[in-house]
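Spelled out, the chains give:
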Amino acid sequence: VNGVSWLHGEVSKEILGDLWPGYFKNELHIGYVTNGVHFPTWTAMRLRRLYARYFPEGFEGHEYRISEWKKVYDIPDEDLWQERMVLKEKLVRLIRRRYCDPGQVRMDSPHQVMQVLESIKPDVLKIGFARRFATYKRALLLFTDLDRLAAIVNNKERPVQFIFAGKAHPNDQPGQDLIKRIIEVAAMPQFSGKIIFLQNYDMELARRLVQGVDVWLNTPTRPLEASGTSGEKCVMNGVLQFSVLDGWWVEGYKEGAGWALPMETVFSDPQYQNELDAEMIYNTIEEEIVPKYYDRDADGIPRAWMASVKKCIAEIASNFTTNRMLRDYEVRFYNRLAARKWELVENDFAAARELVAWKHKVLAAWPGVKIVDVQRARVGDKPIFIGRSYHFELTLDLAGLAPEDVGAELVVARPVEPDRVVEVIRTVPLSQVQVSGSQVTFALDYVPEQAGMFDMALRIFPQNPMLPHRMDFALVKWA
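Below, the discussion takes up the nonpolar core. Ranked by size, the top nonpolar core spans 95 residues in total, and within it Phe162, Leu209 and Trp305 carry the most contacts. Here this core gets nine residues from one element, more than from any other, and that element is helix 4 (residues 77-99). Not counting residues up to four positions away in its chain, the partners in contact with Leu209 are Leu91, Ala130, Ile163, Ala165, Leu198, Tyr201 and Trp216. Grouped together as the second largest cluster of nonpolar side chains are 31 residues, Trp366, Leu398, Leu410 and Val440 included.

Here you go:
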């Protein structure tokens, strides 16, 4: 049930929350490990050698030393820019080779082929979009205003080329229609050679694209991108990411090392939201991306762009390798699961047998657990003051359970409203103050520490130190 990014974990809590009635989204045991990509597979060999010259300690041993990646700032701009240009030239050669092969690309006319071959040059700003063509990825968002797009790609002094590639599932007709529309737009006279769709998407092409473009564009519908890994492959190569703050980019984005569309939606109507996002994409390309890329010094180096590339590698790419991902799985899940396993199997599964017997006992008795009396802080229309003590008391009939089998707590939450996710601010345990026969009394003197509007309630639950988390045995009663 755990997510493959922080945001995916949060969405998973909403999706799966009803499995544990009585507990709320921000209390659930669901966690996450953000996906990473395999650095040696997706990073260009030339860049790997360059990195190894300046921070070899970053790649030694089982775990990459993320702190060492800061030494990318020591690489001269000229050296890193030269390597980036070599990768762009390799991408250009691949595109030209494919366009000269009728088995790789189908075009309407030889003239169209020549236009592409003449237009595809290494010194032009290249924005890539390559992935599985599912409708939620909004591949056509860029085509919302074709006149605006034509002005961007046909700027004589600062041109831009968009390179698309990818496939749709054979049974995904809407996804195939997306590809068809991209090919139609690419064939229009104003976009010929400026918008390119590369057919027969495969791993070789994917590697060249994530290494050779300047910017990687990602436009998913929020919050449907579980993680996304194509952008992670790009940042390893110094390719700057421009994406909706969704999936891994929520965690990865650093100002000055890429660009982002906000995580929150403004309009409930998808059409209006798409129009707004498209406008923001056009503005960002025109006002931020293009000027930064084409602003060169006397040596022809875009210094501000290279500063962003270095920050991207040092502060973003270093955190999204499979090495980091596997370490997170070990620390957050695998090691804990292993320790739990040995705890349960020790002495011929003694702990497991004991826990199962306890659960059977509680399940049988739980319907009979009754609330005998409740005393809450009586405030009426009076305000509750920070720093003042308020008394809560709860008496239960345990129906044969032991006093240590049951716990009680005060749950403090933001005001509970219909169609709004309950946000628990804090839980405060009640202490057992009296046991009389089958009845037990819990009490709490609560001192508020935070101003605002809150709802409060008392929650009763089974407790056992052998439970890995409360949701493992989610029986709840409310007072």
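A word on the packing of aromatic side chains. Centre distance and the angle of the planes are the two values used to describe a pair of aromatic rings. For the structure shown, the criterion picks out 26 aromatic pairs. Ring plane angle 40° and centroid distance 6.4 Å describe the contact between Tyr64 and Trp69, whose orientation is recorded as tilted. Note on Trp69: relative accessible area 0%, which makes it buried. Centre to centre, the rings of Phe267 and Tyr272 are 5.8 Å apart; their planes meet at 65°, and the pair counts as edge-to-face.

Structurally, Gly175 is set in helix 7 (residues 173-186). Judged by its relative accessible area of 0%, Gly175 falls in the buried class. Along the chain, Gly175 and Lys137 lie 38 residues apart, while their C-alpha atoms are 9.7 Å from each other. Non-local contacts of Gly175, meaning those with residues more than four positions away in its chain, are made with Phe133, Thr135 and Ala168.

Backbone hydrogen bonds hold the strands of a sheet together, and the pairing may be parallel or antiparallel. Read from one edge to the other, the open sheet built from four strands follows the order 10-9-13-14, with strand pairing classed as antiparallel. Unpaired on one side and paired on the other, strand 10 (424-429) and strand 14 (477-478) mark the two borders of the sheet. Pairing between strand 9 (residues 406-413) and strand 10: five bridges, direction antiparallel. Within strand 10, the position partnered with Val411 by the bridge is Thr427.

Criteria and cut-off values
- Residues numbered from 1 in each chain as written.
- Predicted model: local features only at pLDDT ≥ 70, side-chain atom pairs only at ≥ 80, totals over all residues.
- Heavy atoms only, no water.
- Core = buried A, V, L, I, M, F, W, Y, C linked by side-chain atoms within 4.5 Å.
- Buried < 20%, exposed > 50% of the residue type's maximum accessible area, 1.4 Å probe, protein only.
- Helix = DSSP H or I, 4+ residues; strand = E, 2+ residues; numbered from the N terminus.
- Contact = heavy atoms within 4.5 Å.
- Phe/Tyr/Trp six-rings, centres within 6.5 Å; stacked < 30°, edge-to-face > 60°.
- Pairing = 2+ DSSP bridges.

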